[in-house]
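Fold and geometry: a report
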Amino acid sequence: MTDKHEVPRTMGQQAGRRSWAEPWKIKMVEPLHMTDRPTRDRAMAEAGYNTFLLRSADVYIDLLTDSGTNAMSDRQWAGMMVGDEAYAGSENFYRLESAVQQYYGYKYIVPTHQGRGAENLLSKTEIKPGQYVPGNMYFTTTRLHQELSGGTFVDVIIDEAHDPTNRAPFKGNIDIGKLDALLKEHGAEKIAYICLAATVNMAGGQPVSMANAKAVHEWGQKHGIKVYMDGTRAVENAFFIQEREPGYANKSIAAILKEFCGRTDGMTMSGKKDALVNIGGWVAVNDRDVFEELRNLVVVFEGLHTYGGLAGRDMEAMAIGITESVTDDHIRARIGQVRYLGGLLEEWGIPMMEPIGGHAIFLDAKRFYPQLKQDEFPAQTLAAQLYLDSGIRSMERGIVSAGRNAKTGDHYRPKLELTRLTIPRRVYTQAHMDVVAESVKAVYEQRESVKGLKMVYEPKYLRFFQARFEPIV
Ligand SMILES: *Cc1c(COP(=O)(O)O)cnc(C)c1O
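This text gives an overview of the structure that appears in the document. For clarity, every value in this text was computed on a predicted model and none was experimentally measured. Within any chain, residue numbers begin from 1 and follow the written order of that chain's sequence. Only residues with pLDDT of at least 70 are given local features in this predicted model, and only at 80 or more are side-chain atom pairs given and counted; all residues enter the totals for whole chains, interfaces and linings. Derived side-chain values reflect all non-hydrogen atoms in the structure, with water molecules and hydrogen atoms excluded from consideration.

Description of the overall build of the protein chain
Across its full length, the protein chain holds 16 helices and 14 strands. Its C-alpha atoms give the protein chain a radius of gyration of 21 Å, within 12% of the compact-globule value 23 Å for 473 residues. The cut-offs for exposure are 20% and 50% of the maximum accessible area for each residue type, with area from a 1.4 Å probe on protein chains only; residues under the lower value are buried, those over the upper are exposed, and the others partly exposed. Looking at the protein chain residue by residue over its 473 residues, the buried ones come to 59%. By the convention used here, residues are in contact when the closest approach between their heavy atoms is within 4.5 Å. Relative to all contacts within the protein chain whose residues are 6 or more apart in sequence, the contacts with residues 24 or more apart total 73%. In DSSP terms, a helix is any run of H or I states spanning at least four residues, a strand is any run of E spanning at least two, and both are numbered starting from the N terminus. For a compact globule the rule gives 2.2 Å times the number of residues to the power 0.38, and the radius of gyration it is set against comes from C-alpha atoms.

Here it is in structure tokens:
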């Protein structure tokens, strides 16, 4: 499949292949909380119509995020029991280091408590005030750390990524023409590095092709500019390369992942996503000098360079999680479940971001509620309506998440106004996905009577986490 081809619509399964059932069985269960409508009305009002402010006890199926919500395996739990809780030189650190070296391929690893810890260290090390940081669409914490280090984020993703109906196979790709334009305007010394996210969370979990990663890396080498990957979901990205890019169908996920990382100079990682743990992250690089600086800074912000804000047991669980995450069976079932949910919604004509990405279904709130202006927060409204209908928790990824331009004070107005149903790894069953799909359908059927929200409290940083709203009456 080339970039010209469209991704075919599928009903959860890949054409010609048999079912993707999970490569595990359930050993322990956690009871869920069912609530009634009056309870949800009260809980939503108390939470200021922000799903981040709900108590999880009031949530039935929690699709807020796939971050730190993973179910660990029996091996990982066993690994927790061999935590070497030494302040310095923990055995578990060395196992984590060698797992990252083996599967991601970088030379030097600094553990951090989660992804944003890694972003903080890399931004402080590699950005000088006044520099630009081109990236394939912003991510909330990533961009904020770049800005706090004096950098300015520049979006260089291909235009197709901003169109929720475009079915290109690699909508996460970087537009080299946009890099050229930035270089021409400011010069190479004004570009800190290129931030390459794989997959692109805010674009709907859309992948980057190997060919694009190669082209971006070669462009960077030509101009003396490094490429750092946001590798939070790079394993999921490898799955799409295997499925869609010529020459990769018979390569393993592990081999594709390593080749992809080889097209970059380092990475920041939120282990809470692909690495199948509840807490943890790292920053990894190949350059010795950059590593020295990261290792100096980690002591200030996270902890000693052999624990980086993590307990030994957390590092052990993450090392084991990495090895489980890169298996073909795991990732096929993981993305198969996301597609199963997406397939039902596609069949019912629900407007959403297409093609379906790796970790979530992104409902297109603009097409859901054409009667709402963007300042009436359509995606926030949709997240609230879904919760009120069934107790399902989703997340806004639109104007609230985009925040404000620090210089002008106005909202950033993203083209995409999305409500994200994020699927935790190894947590819910196919029957849960049916319940979710039916609730989305019910909310869609009531869409015409819905009015928007007004923001009544706005925090200074990353406002989507704590902002409060009231219904427009
Ligand atoms: C979650 C996430 C991060 C930040 O990681 P945390 O572990 O939440 O701090 C960075 N980039 C992307 C793409 C993410 O999804």
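Next comes the rest of the write-up.
Points about the site of the ligand
Near the ligand you find 14 residues, and of these G115, R116, D230, S270 and K273 are the closest. Whenever a nitrogen or oxygen atom comes within 3.5 Å of another N or O atom, the pair is scored as a polar contact, on the condition that within protein one atom can donate a hydrogen and the other can accept it, and that pairs from neighbouring residues in sequence are kept only if both atoms are in side chains. Contact between the ligand and R116: an oxygen atom at 2.8 Å from a side-chain N or O atom of the residue. Interatomic distance of 2.6 Å between a side-chain N/O atom of S270 and an oxygen atom of the ligand. For the ligand, the accessible surface in isolation is 380 Å², of which the surrounding protein chains cover 96%. Put simply, the parts of the chain that give the shell around the ligand at least two residues each are α4 (115-126) and α5 (140-148). Looking at the shell around the ligand element by element, the count peaks at 3 residues for α4. Of the residues in the shell around the ligand, the class split is 1 nonpolar, 7 polar and 6 charged. Being near a molecule or strand, for a residue, means having at least one of its heavy atoms within 4 Å of it. Using the Shrake-Rupley algorithm and a 1.4 Å probe, accessible areas are obtained, with residue cover drawn only from the displayed protein chains. Each residue gets one of three labels, nonpolar for Ala, Val, Leu, Ile, Met, Phe, Trp, Tyr, Cys and Pro, charged for Asp, Glu, Lys and Arg, and polar for the others, Gly among them.

Observations concerning the sheet that holds strand β12 (residues 418-422)
At least two DSSP bridges between two strands are required for those strands to pair. Reading across from one edge, β9-β12-β11 is the order of the 3 strands in this open sheet, with antiparallel pairing throughout. Every other strand in the sheet has two partners, leaving β9 (360-364) and β11 (395-397) as the edge strands with one partner each. Here the strands of the sheet are splayed against their neighbours by 35° on average, with no regard to which way each runs. Pairing of β9 with β12 involves 5 bridges; the strand directions are antiparallel. Each bridged residue has a counterpart across the sheet, and for A360 the counterpart in β12 is T422. For every element, the axis is a line fit to its C-alpha atoms; helices are fit only across the contacting stretch, and the angle between N-to-C directions ranges from 0 to 180 degrees.

Describing the pattern of salt bridges
By definition here, a salt bridge exists when the distance from a side-chain nitrogen of Lys or Arg to a carboxyl oxygen of Asp or Glu is within 4 Å. Scanning all chains against the criterion turns up 32 salt bridges. Taking the shortest distance from any N to any O, the salt bridge between D41 and R37 comes out at 3.2 Å. With a gap of 4 residues between them, D41 and R37 both fall in helix α1 (residues 37-46), about one helical turn apart. Residue classification places D41 among the partly exposed positions, given a relative accessible area of 34%. Between D66 and R334 there is a salt bridge, and its shortest N-O distance comes to 3.5 Å. With a gap of 268 residues between them, D66 in the loop between β1 (61-62) and α2 (74-80) and R334 in helix α12 (residues 328-347) connect regions that are remote in the sequence. On the basis of relative accessible area, D66 is assigned to the buried category, the value being 0%. Residue class for R334 comes out buried when judged on its relative accessible area of 5%.

Details of the state of the cysteines
Pairs of cysteine sulfur atoms within 2.5 Å are what we label disulfides. Under the definition given, this model contains 0 disulfides. Just so you know, C195 is unpaired, no disulfide at all, and the nearest cysteine sulfur is the one on C261, 14 Å from it.

What to know about the packing of aromatic side chains
A pair of aromatic rings is counted whenever rings of Phe, Tyr or Trp (Trp by its six-membered ring) have centres within 6.5 Å, and the orientation is called stacked for planes under 30 degrees apart, edge-to-face for over 60 and tilted otherwise. Counted according to the given criterion, the structure contains 12 aromatic pairs. Judged by centre distance (5.1 Å) and plane angle (70°), the ring pair of F93 and Y94 falls under edge-to-face. Taking relative accessible area as the criterion, Y94 reaches 40% and is therefore assigned partly exposed. An angle of 80° between the planes, with centres 5.6 Å apart, marks the rings of F239 and F240 as edge-to-face. No difference in accessibility class separates F239 from F240, as the two residues are buried. Of the aromatic side chains, those joined through ring pairs into one cluster are F52, F464 and F465. Of note, R397 hangs over the ring of F464, and the distance from its end group to the ring centre comes to 4.7 Å. Any Lys NZ or Arg CZ found within 6 Å of a ring centre and within 35 degrees of that ring's normal is scored as a charge over the ring.

Considerations on a nonpolar patch on the surface
Each patch is built from residues lacking any salt bridge and having more than 30% relative accessible area; the joining distance is 9 Å for like charges and 5 Å for nonpolar side chains (Val, Leu, Ile, Met, Phe, Trp, Tyr). Residues W24, I26 and V29 make up a contiguous nonpolar surface patch of roughly 310 Å² in combined accessible area. Inspection of the secondary structure assignment puts V29 in the segment before α1.

Considerations on the environment of L386
Among the structural elements, L386 can be located in helix α14 (residues 378-390). Exposure remark for L386: the relative accessible area of 1% places this residue in the buried category. A C-alpha to C-alpha distance of 28 Å links L386 and V7, two positions 379 residues apart in sequence. Every residue in contact with L386, bar those within four places of it in the chain, is listed here: L363, G391, I392, S394, L421, S439, V440 and V443.

Side note on the packing of α12 against helix α16 (residues 430-445)
Axis separation between α12 and α16 bottoms out at 9 Å; the angle between their running directions is 30°. Considering their axes alone, α12 and α16 lie roughly parallel with respect to each other. Crossing of α12 over α16 shows right-handed handedness. Residues Q337, Y340, L341, L344 and L345 of α12 touch α16, and the partners they reach there are Q430, M433, D434, V436, A437 and V440. Split by residue class, the contact of α12 with α16 holds 8 nonpolar, 2 polar and 1 charged. Orientation categories follow fixed angle ranges, with anything under 35 degrees roughly parallel, anything over 145 roughly antiparallel, 65 to 115 roughly perpendicular, and all other angles oblique. Helix crossings get a hand from a simple test, with the near helix turned counterclockwise from the far one by less than a right angle marking a left-handed crossing and a clockwise turn marking a right-handed one.

Some points on the side chain of R463
Counting through the fold element by element, R463 comes out in the loop between β13 (453-457) and β14 (468-471). Among the polar contacts made by the side chain of R463, one reaches the main-chain carbonyl oxygen of I399 at a distance of 2.7 Å. Those residues within four positions of R463 in sequence are excluded, and the remaining contacts are I399, V400, G403, R404, H411, M455 and E458.

As for α4
An α-helical turn contains 3.6 residues, so any two residues separated by three or four positions project in the same direction. The length a helix should cover is 1.5 Å for every residue beyond the first. Taking 1.5 Å per residue, 12 residues should reach 16 Å; α4 reaches 16 Å between its end C-alpha atoms and fits that length. With 10 of 12 residues buried, α4 is to be regarded as a mostly interior element.

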